[in-house]
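Structural features, examined
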Amino acid sequence: MDWKRFGFIAIIIVVLFGGVVAVGQAQQRPLLIVTSMLATTIAVATPLTLGALSGVFCERAGVVNIGIEGMMLASAFFGWLAAIYMFHVFEYPTGISITVGALFAIITGMLMGLLHAVLSITFKVDQIIGGTVINILAVGLTGFLNRQMFFGKGSVFEGSIPNSPGILPAIHVPITEILSPLCGANSPLCIENIAAINRVFDQKPIALSAIILVFVSHYVLFNTRWGLRTRAVGEHPKAADTVGINVIKMRYANVLIGGAFAGLAGAYFTIESVPSFEPLLTNGRGFISLAAMIFGNWTPIGAWAAALVFGASSALQINMQIFRAVIPPHLAFLQQSYIVGLIPYILTMIILTGIIGKTTPPAADGVPYEK
Amino acid sequence: MQSEKQTNSLSKFTSSLKRFIEWIDPILVPLLAILTSMIVGGIIIKSVGGDPILAYKGLLEGSFGSAELGPVKSQRAMSETAVWATPYIFAGLAVALAFKGGLFNIGAEGQLALGAVFSSLIGYALPGWLGVDLPTIIHLPLAILGGLVMGGIWAGIVGALKAYTGGHEVINTIMMNYIALNSTSFLLNGVMKDPSPTNVIARTPLIAESARFAPMFEGLRVHWGFVLALFTAVFIWWLLNKTTLGFEIRTVGANPDAAHYAGVNVKRTLILTMFISGALAGMAGAIEVTGLNYRHELGFSQGYGFDAIAIALLGKSHPIGVVLASILFAAMRNGATRMQFLTQMPVDLISMIQAFILLFVAADAIVRFIFHIKSTGERVVLTRGWGG
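None of these values were measured; they are calculated from a predicted model. (Residues numbered from 1 in each chain as written. Chains lettered and ligands numbered in written order. Predicted model: local features only at pLDDT ≥ 70, side-chain atom pairs only at ≥ 80, totals over all residues.)

1. Some details on the overall build of chain B
Here is the rule we go by: Numbering of helices and strands starts at the N terminus; helices are DSSP runs of H or I of at least 4 residues and strands are runs of E of at least 2. As defined in this context, the radius of gyration uses C-alpha atoms, and a globule is described by 2.2 Å times the residue total to the power 0.38. Field definition: a residue is buried when 20 or more other C-beta atoms are found within 10 Å of its C-beta, exposed when 12 or fewer are, and partly exposed for counts in between, with C-beta atoms placed from the backbone. Distance between backbone-placed C-beta atoms decides contact: two residues are in contact if it is within 7 Å.
Looking only at helices and strands, chain B has 14 helices and 0 strands in total. Across chain B, helices and strands are ordered from the amino to the carboxyl terminus as α-α-α-α-α-α-α-α-α-α-α-α-α-α. For 388 residues, the compact-globule formula gives about 21 Å, and the C-alpha radius of gyration of chain B, at 23 Å, lands near that figure. A buried classification covers 54% of the 388 residues belonging to chain B. For chain B, the proportion of contacts with a sequence separation of at least 24, taken over those separated by at least 6, is 78%.

Dropping the structure here:
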């Protein structure tokens with residue numbers, strides 16, 4: 001992913017935003033449209049970014065991870081369950097309950113990562129199978145426990161799903177407080193604009209950490225000894241082994257890190273986005289993360305760019321529904337939600353085939369290491 | 001002389017026993033893997049206060065019937081297992097064939113849905129377009145062919161993108177899945193919606209009688225599609241192992257560079273592999289329409305495409321293995337209802353046991369360790385990661 005490609009992706013995002021502004025300005029001020037679209041973009045991109053980072057760490061170390069979906073689903077469930085238990089059974093306050101919930105989600109992700117590592121590194125199971133096992137297991141386990149914990153014999157909740165303690169709050173960045181005095185006394189519009197911009201920066205912890213983690217991951221993978229070793233193990237494990245790198249250990253560690261990322265993505269669904277769980281709630285987003293990872297050519301920033309394109313297209317879709325009434329007649333097909341719903345997917349395919357072309361996985365990706 | 005003869009026959013016996021063990025090994029380990037999974041599942045059932053024996057009895061009765069249930073219910077149980085198995089076999093073959101060609105088709109779900117949509121379209125609209133009533137012998141094959149070709153083209157596009165631009169098939173099949181499902185919603189809520197005044201569901205009209213399979217047995221839902229699925233499995237085995245195309249598919253799957261230097265047209269083979277794979281998935285949809293539902297309804301196919309991946313892996317991408325894996329998965333899905341009825345164990349338990357089966361079949365080292373079976377030493381390469 002060179003800068004020309006990033007430039008192209010930036011242009012696409014600008015065009016998507018511009019399209020909505022062009023249609024919606026009859027009904028809403030452009031600044032408010034852009035800020036609301038930015039918020040949606042970041043929200044949609046958060047789990048995809050984290051899921052893709054999970055894949056990047058696993059696969060850079062040479063372990064294919066198609067179990068991101070299952071890892072996310074299991075983490076979302078156990079994080080949510082832990083939060084409920086802390087709140088209702090152990091009667092801790094809300095803040096502690098949801099923090100513990102988020103930690104549990106990460107731990108669940110790491111445990112799923114450990115399962116994948118044991119299967120694919122120690123037992124040298126075909127790694128696609130390892131990932132598929134995790135995907136099916138997560139569906140079964142969460143569905144089974146979701147019923148058994150609340151409706152089964154001896155359930156502490158006696159046949160009802162209690163309310164979750166809540167979701168993580170946004171972190172307020174005091175832009176309004178600092179900038180609004182500059183507006184002067186008689187300009188409510190100016191203050192309103194600053195407040196709208198402020199809302200984009202008031203992100204919730206997981207969304208914020210996803211963005212930070214993209215750059216941290218990039219730094220770790222390409223500028224540290226750990227990263228060099230990880231990539232060596234994924235490209236040419238035999239050579240890495242010869243110079244004294246413990247291939248097995250490196251792979252285990254990176255798959256566990258990948259699991260933690262997927263766990264954080266799972267926490268996003270039930271601890272940060274909505275305070276509830278439903279079976280199959282990840283709804284294929286693990287697979288879209290996988291696509292984002294390949295799209296980004298196994299780099300953190302590339303994967304993030306892909307996730308943002310996806311987020312921006314989703315924002316376009318949602319806003320086109322909001323502005324349905326003011327869509328000009330010659331663009332009437334944009335009123336069909338199913339047609340607009342195709343945009344993210346078609347766009348991804350066009351960018352992939354037209355601009356990015358062939359992507360290259362790490363050379364030893366998917367190959368078990370045998371001395 | 002006598003003793004020599006004895007040792008001779010003894011060595012003959014031991015060698016034939018050895019051959020028997022070698023022959024049974026590919027089946028023995030999976031069987032033990034299933035047994036191990038059942039034991040693990042039993043422990044889970046026990047730990048939540050259920051009765052494992054009763055649960056498994058329910059599972060078996062619900063899938064294959066029993067003397068206790070009586071012949072009518074038993075026949076129905078077996079019929080329903082075959083009904084479940086039919087799309088599994090087609091979709092499983094689709095994924096397995098792609099694996100053989102070194103491709104990962106995650107998009108069977110979308111290919112199946114589009115196959116069903118086009119099969120329905122031909123089923124209900126073609127006589128009207130032509131203005132004549134078609135005989136079954138023409139109309140039914142056309143309806144199946146419609147689904148087959150549509151699924152094939154849908155996946156073939158991905159194959160062509162891979163061949164000519166290098167765009168990765170995993171991304172493109174995932175994206176084509178969503179495009180297919182959105183388009184299906186669009187069509188079933190729009191131009192193809194059943195126009196009858198009482199209908200509020202996103203579904204097509206019923207297909208014409210002439211586009212339907214005749215019932216196999218009176219009063220049972222099992223249809224000739226199941227038999228067709230078995231024949232298709234044999235056909236795919238023949239295609240892969242006895243034809244030039246099959247050889248090319250396997251060669252490209254094993255090593256595209258080597259295949260290229262050996263004179264195989266790699267691009268053409270990639271496209272054809274994806275086309276056949278998609279055609280099989282499309283056929284799964286077409287058979288569901290022509291043999292079972294007689295229309296396509298939104299959401300009926302949810303999950304077949306992803307189960308198909310597990311089935312292809314469980315069957316080790318071998319057509320006969322896929323058939324066995326499909327019947328196993330179908331029996332478990334079908335029997336789960338009776339299991340739940342008898343023991344109040346949630347149906348989701350089945351997904352867990354299926355995950356364990358896949359796990360233990362794949363990680364045969366664990367099973368061999370538990371049951372002290374020596375490894376045959378060879379490692380079959382199923383998938384090649386992302387293929388590069």
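2. Some details on the overall build of chain A
Looking only at helices and strands, one finds 15 helices and 0 strands in chain A. Relative to the compact-globule value of 21 Å for 371 residues, chain A shows a C-alpha radius of gyration of 22 Å, a close match. The buried share among the 371 residues of chain A stands at 50%. Residue pairs in contact within chain A that sit at least 24 positions apart in sequence constitute 78% of those at least 6 positions apart.

3. Observations concerning the interface of chain B and chain A
Test applied: Note that Gly is not counted as nonpolar here; it falls among the polar residues with everything else outside the nonpolar set of Ala, Val, Leu, Ile, Met, Phe, Trp, Tyr, Cys and Pro and the charged set of Asp, Glu, Lys and Arg.
Across the contact, 40 residues belong to chain B and 47 residues belong to chain A. Those elements that place two or more of their residues in the side of chain B that touches chain A are α5 (136–165), α6 (169–189), α11 (304–314), α13 (348–362) and α14 (364–371) of chain B. Per-element accounting of the side of chain B that touches chain A gives the leading share, 10 residues, to α6 of chain B. Among the residues forming the side of chain B that touches chain A, the class breakdown is 25 nonpolar, 13 polar and 2 charged.

4. A closer look at the packing of helix α3 (residues 71–100) of chain B against helix α10 (residues 266–293) of chain B
All names here are of chain B. Convention followed: Simply put, an axis is a line fit to the C-alpha atoms, just over the touching stretch for a helix, and the angle between two N-to-C directions goes from 0 to 180 degrees. Between 65 and 115 degrees an angle is taken as roughly perpendicular, under 35 as roughly parallel, over 145 as roughly antiparallel, and anywhere else as oblique.
Look at α3 against α10: their axes get within 7 Å of each other, and the N-to-C directions meet at 170°. With respect to α10, the element α3 is oriented roughly antiparallel. For the pair α3 and α10, the contacting residues are V83, T86, P87, F90, A91, L93, A94, L97 and A98 in the first and T273, M274, I276, S277, G278, L280, A281, M283, A284, I287, E288 and L292 in the second. Partitioning the contact of α3 with α10 into residue classes produces 16 nonpolar, 4 polar and 1 charged.

5. A closer look at α11 of chain B
Most of α11 of chain B is tucked away, with 11 of its 11 residues classed as buried. For α11 of chain B, the set of buried residues is Y304, G305, F306, D307, A308, I309, A310, I311, A312, L313 and L314 of chain B. Buried-residue contacts for α11 of chain B involve α5 (127–151) of chain A together with α3, α4 (108–130), α10, α12 (319–343) and α13 of chain B. Phi turns positive one or two residues past the end of α11 of chain B, at K316 of chain B, with a value near 50°.

6. Comments concerning the nonpolar core
Let me state the cut-off plainly: We define a nonpolar core as a collection of buried residues of the types Ala, Val, Leu, Ile, Met, Phe, Trp, Tyr and Cys that are connected via C-beta atoms lying within 7 Å of each other.
If you look at the biggest cluster of nonpolar residues, it comprises 230 residues, and the most contacted ones within it are A291 and A292 of chain A together with F90, A91, A94, A308 and L358 of chain B. With near-sequence residues (within four places) excluded, A292 of chain A lies in contact with L48, A52, A303, A306, A307 and F310 of chain A.

7. Examining the environment of Y369 of chain A
Residue and element names in this part refer to chain A. Following the sequence through the fold, Y369 ends up in the segment after α15 (343–356). Assessed through the 18 C-beta atoms surrounding it within 10 Å, Y369 is described here as partly exposed. C-alpha separation for the pair Y369 and L137, spaced 232 residues apart in sequence, amounts to 25 Å.

8. A short note on helix α2 (residues 30–60) of chain A
Residues and elements named next belong to chain A. Defined as follows: Given the number of residues in a helix, its expected span is that number minus one, multiplied by 1.5 Å. One axis is fitted to the seven residues ending at the residue and one to the seven starting there. The bend at that residue is the angle between these axes.
The terminal C-alpha atoms of α2, which comprises 31 residues, lie 41 Å apart, in line with the 45 Å expected from a rise of 1.5 Å per residue. The sharpest bend along α2 measures roughly 35° and falls at A45, with the proline P47 sitting one to four residues further on. Counted residue by residue, α2 has 23 buried out of 31 residues, so it is predominantly covered. Directly beyond the C-terminal end of α2, a positive phi value near 95° is found at G62.

9. A few points about unusual backbone geometry
All names here are of chain A. Here the phi dihedral of E91 falls at roughly 55°; this positive angle occurs in a residue that is not glycine. Locating E91 in the fold gives a position in the loop between α3 (68–89) and α4 (94–122). Since 8 C-beta atoms lie within 10 Å of it, E91 is described here as exposed. Its identity as a non-glycine residue notwithstanding, K124 has a phi of 55°, on the positive side.

10. Brief notes about the confidence of the model for chain B
For clarity, the cut-off: Known as pLDDT, the predictor's per-residue confidence is scaled from 0 to 100.
Put simply, chain B has an average pLDDT of 88, and 94% of its residues get 70 or more. For this predicted complex, the interface confidence reaches an ipTM of 0.86, while the overall pTM sits at 0.89.

11. With respect to the packing of helix α2 (residues 52–64) of chain B against α3 of chain B
All names here are of chain B. It is the contact of α2 with α3, at a shortest axis distance of 5 Å, that shows an interaxial angle of 80°. Between α2 and α3, the angle is such that the two are roughly perpendicular. Of α3, the residues touching α2 (which contributes E61, G62, S63 and F64) are A77, M78 and T81. Residues of the contact of α2 with α3, tallied by class, amount to 3 nonpolar, 3 polar and 1 charged.

12. Looking at the environment of L59 of chain B
All names here are of chain B. Here L59 shows up in helix α2. On the neighbour-count criterion, L59 (27 C-beta atoms within 10 Å) is buried. Spatially, the C-alpha atoms of L59 and A259 are 47 Å apart, while their sequence positions differ by 200 residues. Not counting residues within four places of it along the chain, the set of residues in contact with L59 comprises M332, G335, A336 and M339.

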